Amino acid sequence: MNIKKLFNKNIDLMKNSPYIPATNSDQSEMLQTIGVKSFEDLLSDVPKNLLFPELKLQEMLSEPELVDYFNDISKKNFASKKKTSFLGGGAYNHYIPSTVKAMIQRGEFLTSYTPYQPEASQGTLQVGFEFQSMIAQLYEMDVCNAGMYDGPTALAEAALMACRIKKNNKILIHDSVSQKLLDILSSYSKWQNIEIINFEDIDLNNQEDYSCLLVQSPNQNGEIIDVENLSNLIHKKNGLLIHHAYPISLGLIKPPGQLNVDIATGEGQSIGVPLSFGGPYIGLLTCKKEFIRQLPGRIIGQTVDKNGKTSYALTLQTREQHIRRENATSNICTSTQLIGLMVSVYLATVGPEGLKQISKTCFHRAHYFANKINKINGFKLISNNFFNEFVIESNVEIKEINHYLISNDIEGGLDISDGKKNLILFAVTEMNKPKDIEETLTLLRRIHD
Amino acid sequence: MIKKTLPLLMDQSKKGRKSINLPEIGVEKSILPDKKFLRESIQLPEVSQLDLIRYFTNLSSLNFSIDTNFYPLGSCTMKYNPKINEQISAFEGFSGSHPNQSDEMVQGCLEVMYNLQNELGEITGLKCVSLAPLAGAQGEYAGLLIAREFHKFNGNNHKNIALIPDSAHGTNPASAAMAGLDPVTIKTTSEGDIDIADLKEKVSKETAVLMLTLPSTLGLFEPNILEITQIVHDHGGLVYADGANLNALLGITKFGDLGIDICHSNLHKTFSTPHGGGGPGAGPVMVTKKLESFLPYPHIKKEKGVFINYRPENTIGRLNGFSGSFGILLRAYTYIRSLGSGGLKEISENAIINANYIQERLKSHYNLTSSRYCMHETVLSATRQKENGIKALDIAKKLLDEGFHAPTMYFPLIIDEALMIEPTESESKETIDSFIDCMIMISELSESNPNEILNAPINLPVERLDEARAARNPILSWKKN
Amino acid sequence: MSELPKNLKYSKDHEWVNIQDNIATIGITLHAAESLGDIVYIEVSSLNKELKQFDKFGEIESVKAVSDLFIPVSGKVVQVNEELESNPEYVNDDCYEKGWIIKVEITNLEDLTTLLDSSEYKKII
């Protein structure tokens, strides 16, 4: 006799899930008040033959069983045992302070909603305002919104924003921009009559105007680009400069606001957000103040209440979908406030000195690692003037290198081989301890022995 | 709730204070980039760790949240966010997984995603599922792109119209515009049902898609759904269902059985992932078999016991940086596993009973928008109270004073002074009764002493805000005084 | 119910028109301003733009709503009320005078016959 099966058949024993307080007597009382005999009587609009279909789902697990089940699954991920990692390419392994972890556990932040009733949401709103302020300071731009889905979609929305501002549908892409960012821009623009043109293909002396030029710096190979020069060039073509910048790099490298940039974007994951296999992350979108009304997403503004007390509210809502509908600046409804909280706590925790320190650590450890690899026979450093990511060309297949490293519990770099050359992209952060770097170098030397 | 104003961090900042100690660089230094690339100074707050923790902790106390207050926001499904979901998402094997790893390194993550794809497919009856979209609006957009690509693939480029009911949520026409579709409005009846005559008149061979919310934004099930989907199909169009209200349909009926071709779901609504003050969310998109090859990439499949991230043959493309909001997907999957089929059906059952109970007990105090039984939410109208100068907004503010978060106001747009109430299945009868009693008290107060309502809220950290000022002179970040 | 200035003409889209020689000064009526609520921003066509009757000439935003503005008579834009940029509340405080929005040089006198007088406009609100 299979006791488990017996229990599963008995629906009454399954009632009163911890998430549903209604008891049988609560239900009967309510049904009586409503004036019906059974629950089914409330469903007369649903086609009878399509009511209560069978749901063949996986079996229900109790709480301790959930922990065991997911523990087992999580162990099938290499992350559960890795010693160190050199993987980058848009998401980075940075230290997350205890303060961040403590604050997001607070149910008042975690389980609140979009602050449509500002009087009951000053916590969320003031944190959001801090987020906007700190990112504006980090990027040295006038205005920052309350957060987009992720970096790449923020960049796509920035490009669409430039098209609206300039009333011009031609977008230029600098070769620093990664293919992935381009793919996402494509998905967002393909049905809106937008032309995407390679910057290298145009003659700057032509008579054309363009809405914007998109630049990624550091670029996909980790290299720092002369953004200011590009700003000057595109301004001559009556276009805007959109700069996609890695936040941690801004602890060392000049921020977009000092480079004559009009709109700056970035992926906020590197400043206080766990890797979590790709999300949830947060997109950063900042701009010059003259473009505020074309900025998509939620924006929090400071005001006063009727007693003159400083307070915060969602503002400039007439740009958004719930008011303008098909004429909205975007269809976006979500703003990743919770992740914005993590970023705010992170930046306030590290502060200006901490961010500089982290940034320098990434830079120096990366350069140390790169220079040592370059000295190993069979490896060649390709990137020039890079921040913390660099490309190495190898005479050995990257798969082989990474497999060997993994067998030593080390996550290698990103395989970006192009079919002609074996190329690997290494990222180094403050989480790569000097002794782990030395151990990895030893292993890499062994590959060529 | 504390009532004092908390100064911003930059106003508390003092040079030299710090909140963390960090390790030394620890390696030989290299030459820095050219000076022209280097930053000279950064401005960020400098505070001690205690002041930082105290600041954010005190800020949190200024919020209403599900953990602290009843939050009957219609169409938002403010149900309990289980703590076990948080605990599991923090397992190192999940939170430490880098998204650029090769598939064999993340079989655990891919297994979670593959299983969730299947569970959502079974629940909605639309078996082909993509977990890529990062929010409901993005899921909607993906659904529309799939419709466009499908029609283009079949040589039907003239199909560029989206039929949208006048009761629809704003993201519907906004997403349609982004997908390059011309939105054409379909009239609805006073109860929010599709006006069939208007649909028949406006549907044509140019119709790419009909966008429906089911149950409707008035909380009612569309009684003519089978006829509606047939009409659209007869003209070669597809039917897209906005799954924002899926909490009413779990185990009740399946989208796939009703003639729906594409839908999306909001995991942060129906599947308990935390709202976090407005996000993050996740908006998986589900489609019928014939649309599977158009799904966004990456998509997960299983071959010979191994999970693989792959690119569907006719994919609409990549929507965002990685495979989706994995941390949110994991929480939703944990939730579904904690319930199973029996538990899920009880969710909708209790959500619907709770909403009808509220509707029944409030119908003699507030105007109903329909005499039918509602589904998981009921839309009331404050038109009766408006006669005494009390609007939906004022009722909302008075509810805040009494410790209840207000329902959704002024949506759907077709109902005057709308108050959309969705209790969810998470709330006990006692909580619901106290909410009902409060709503009755406010209705009575609107006649006996309306000023008390107009002055609300007075018990919160701030009183009514000057929102016009916020929009006229936008102050969007800290400025030195 | 406040007074509708009798010397002005009105359009079905809730604008008022003050005609002096061949210049039409245009704004929105009190009814429109009250429906919108506190005005926060106004955007209008640039100077010298040629508009045909019922063309969109701008947008007016309040905290919770946005409305298109349609020109009640054909004309060329000769002046816009620049005060409204820093003081959009003039539209709420004094919509018929300080809150004027745009002035056009009338290019089609026949359009004037489609305008309503104060008693006709009163009937539609």
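Procedures and definitions
- Each residue is numbered by its place in its chain's sequence as written, counting from 1.
- Chains carry letters and ligands carry numbers; both start at the beginning, A for chains and 1 for ligands, and go up in the order they are written.
- Residue-level local features of this predicted model are given only where pLDDT is at least 70; pairs of side-chain atoms are given and counted only at 80 or more, and the full residue set underlies all totals for whole chains, interfaces and linings.
- The side-chain figures draw on all heavy atoms in the structure; neither hydrogens nor water molecules are used.
- For the purposes of this entry, the term helix denotes a DSSP run of H or I that reaches at least four residues, the term strand denotes a run of E that reaches at least two, and both are numbered from the N terminus.
- Between the rings of Phe, Tyr and Trp (Trp by its six-membered ring), a pair exists once the centres lie within 6.5 Å; its type follows the angle of the planes, with under 30 degrees stacked, over 60 edge-to-face, and the other angles tilted.
- Exposed residues in this analysis have more than 50% of their type's maximum accessible area, buried residues have under 20%, and partly exposed residues fall in between, with area computed by a 1.4 Å probe over protein chains only.
- Two conditions define a charge located above a ring, namely a distance within 6 Å from the ring centre to NZ of Lys or CZ of Arg, and an angle within 35 degrees of the ring normal.
- We call two residues in contact whenever any of their non-hydrogen atoms come within 4.5 Å of each other.
- We define a polar contact as two N or O atoms separated by no more than 3.5 Å, with the added condition that, inside protein, one atom must be a possible hydrogen donor and the other a possible acceptor, whereas residues neighbouring each other in sequence contribute only through side-chain atom pairs.

Re the environment of arginine 311 of chain B
Summarising the element assignment, arginine 311 of chain B is placed in the loop between β9 (306-310) and α10 (326-362). Remark: the alpha-carbon pair of arginine 311 of chain B and glutamine 49 of chain B, spanning 262 residues in sequence, is separated by 46 Å.

Some points on unusual backbone geometry
Of the consecutive residues tyrosine 297 of chain B and proline 298 of chain B, the connecting peptide bond is found in the cis state with omega at 5°. Relative to the helices and strands, proline 298 of chain B resides in the loop between β7 (285-287) and β8 (299-303). With an omega of 0°, the peptide bond between alanine 456 of chain B and proline 457 of chain B qualifies as cis. On the secondary structure map, proline 457 of chain B appears in the loop between α14 (450-454) and α15 (467-472). Even without being a glycine, asparagine 238 of chain A presents a positive backbone phi close to 65°. Relative to the helices and strands, asparagine 238 of chain A is located in the loop between α10 (227-236) and β6 (240-244).

A word on the packing of aromatic side chains
Tallying each qualifying case throughout the model produces 30 aromatic pairs over all chains. An angle of 5° between the planes, with centres 4.9 Å apart, marks the rings of tyrosine 10 of chain C and tyrosine 121 of chain C as stacked. Taken together, the residues span a long stretch of sequence, with tyrosine 10 of chain C in strand β1 (residues 9-10) and tyrosine 121 of chain C in helix α4 (residues 118-124) at a distance of 111 residues. Residue classification places tyrosine 10 of chain C among the buried residues on the basis of a relative accessible area of 0%. Among the aromatic residues, those joined into a ring-pair cluster are Phe86, Phe369, Phe386, Phe390 and Phe426 of chain A. Its guanidinium or amino end placed over the ring of tyrosine 210 of chain A, lysine 170 of chain A lies 5.7 Å from that ring's centre, counting from NZ or CZ. The ring of tryptophan 100 of chain C carries lysine 103 of chain C above its face, with NZ or CZ at 4.7 Å from the centroid.

Remarks on the environment of lysine 306 of chain A
Inspection of the secondary structure puts lysine 306 of chain A in the loop between β9 (300-304) and β10 (310-314). A relative accessible area of 46% means that lysine 306 of chain A is categorised as partly exposed. Each residue touching lysine 306 of chain A, except ones within four places of it in the same chain, is listed here: Asn455, Glu463 and Arg464 of chain B. Within the structure, the side chain of lysine 306 of chain A is placed 3.4 Å from the backbone oxygen of asparagine 455 of chain B, a separation counted as a polar contact.

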